[in-house]
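Here is what each chain is made of, one letter per residue.
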Amino acid sequence: SFIGEESVAAGGGSVLTDNPTWIIDPIDGTTNFVHRFPFVAVSIGFVVNKKMEFGVVYSCVEDKMYTARKGKGAFCNGQKLQVSGQEDITKSLLVTELGSNRDPEAIKIVLSNMERLLSIPIHG
C-alpha cells in the first residue's frame, strides 16, 4: 500500500492497514519550503502490521541523509546517532512546532499543550 502526505493533506482519505505500506512526504516542511526557510526534507517510511520498520529522511538543503531501522539504530550520512545521556530535565532543551491547523479547537489544544510544556523547568 501507499500513503502520500500531500494527497492526505489535500483531503484524500487514508487508512493504515496491516499491509506493508510506504508512507511518503515528498516535501516535509511545505510551509518552510514556500517561505524559503531551509528546513525541508523528503521523508519516507515503511510500515508492516502498523509498525514502523524503517525510515529515511533526506534533508535537501543540508545534504544529510538520516536512516533508521527497527532494532538497528539511526544514522546520519552513515554515522551512528545516539541520544545524549542527559537525565536531568532542567538541563534539557525543548523543541516544539505549532503546526499549521488554525481551527479554533485545534489552537486551544496546541496552546494547552504548550502551556504544560512551558511549565516544565527546562534549560531552554
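Every chain begins its residue count from 1, and numbering advances along the sequence as written. Owing to the predicted nature of the model, reporting of local features is limited to residues with pLDDT of at least 70; listing and counting of side-chain atom pairs is limited to 80 or more, with chain, interface and lining totals taken over all residues. Water and hydrogen atoms were dropped before computing side-chain values, which therefore reflect all heavy atoms in the structure.

- The name given to the protein chain in an unreviewed UniProt entry is inositol-phosphate phosphatase, with Alectura lathami as the source organism.

1. Considering the pairing of strand β4 (residues 51-59)
Next up, step 1: When DSSP locates at least two bridges between a pair of strands, those strands are taken to pair. Secondary structure follows DSSP: runs of H or I at least 4 residues long count as helices, runs of E at least 2 residues long count as strands, and numbering of each begins at the N terminus. Here strand β3 (residues 41-48) runs beside β4; their pairing, made up of 8 bridges, is antiparallel. Within β4, the residue paired with I44 across the bridge is V56.
Next up, step 2: With antiparallel pairing between neighbouring strands as the criterion, β3 and β4 make up a hairpin whose turn holds 2 residues, including N49 at a positive phi of roughly 55 degrees.
Next up, step 3: Where β4 and strand β5 (residues 64-69) come together, 6 bridges link them in antiparallel fashion. Bridge assignment links V56 to a residue of β5, and that residue is T67.
Next up, step 4: The antiparallel pairing of β4 with β5 creates a hairpin that spans 4 residues between the two strands, and D63 there sits at a positive phi of about 55 degrees.

2. Points about unusual backbone geometry
The phi angle of most residues is negative, glycine excepted, and most peptide bonds adopt the trans form.
Next up, step 1: Backbone geometry places N49, a non-glycine residue, at a positive phi of 55 degrees.
Next up, step 2: Following the sequence through the fold, N49 ends up in the loop between β3 and β4.
Next up, step 3: Here the phi dihedral of K50 falls at roughly 65 degrees; this positive angle occurs in a residue that is not glycine.

3. Quick notes on the pattern of salt bridges
Next up, step 1: Here a salt bridge means any side-chain nitrogen of Lys or Arg lying within 4 Å of a carboxyl oxygen belonging to Asp or Glu. The full count for this structure, using the stated rule, is 1 salt bridge.
Next up, step 2: E53 serves as the salt-bridge partner of K70, at 3.6 Å between the closest nitrogen and oxygen. Taken together, the residues span a long stretch of sequence, with K70 in the loop between β5 and β6 (73-76) and E53 in strand β4 at a distance of 17 residues.

4. Points about the sheet that holds strand β1 (residues 2-4)
Next up, step 1: In spatial order, the strands read β1-β2-β3-β4-β5-β6-β7; together these 7 strands make up an open sheet with mixed pairing. Each edge of the open sheet is held by one strand with a lone partner, namely β1 and β7 (79-80).

5. Things to note about the UniProt feature "binding site: Mg(2+)" (unreviewed entry) in the protein chain
Next up, step 1: Following the UniProt record, one finds the feature "binding site: Mg(2+)" (unreviewed entry) at E5, D25, I27 and D28. In summary, the annotated positions, though distributed over 24 residues, converge in three dimensions, the widest C-alpha pair being only 8.7 Å.
Next up, step 2: Inspection of the secondary structure assignment puts I27 in strand β2 (residues 21-28).
Next up, step 3: Residue placement: D28 occurs in strand β2.
Next up, step 4: When a residue's accessible area, from a 1.4 Å probe over protein chains only, is under 20% of the maximum for its type it is buried; when over 50% it is exposed; and in between it is partly exposed. A relative accessible area of 33% means that D28 is categorised as partly exposed.
Next up, step 5: In this structure D28 touches F39, V40, A41 and S43, once residues within four positions along its chain are discounted. UniProt positions are given in the numbering used here, feature names are shortened, and annotations may be inferred rather than shown by experiment. In this analysis, two residues are considered to be in contact whenever any of their non-hydrogen atoms come within 4.5 Å of each other.

6. Observations regarding the domain arrangement of the protein chain
Next up, step 1: Here the bounds of each domain stem from an automatic or database domain assignment. Taken as a whole, the protein chain is organised into domain 1 (1-82) and domain 2 (83-123).
Next up, step 2: Using C-alpha coordinates to define each centre, domain 1 is positioned 22 Å away from domain 2.

7. Quick look at the pairing of β3
Next up, step 1: Both β2 and β3 contribute to a ladder of 6 bridges, which runs antiparallel. Note that in β3 the partner of I24 across the bridge is I44.

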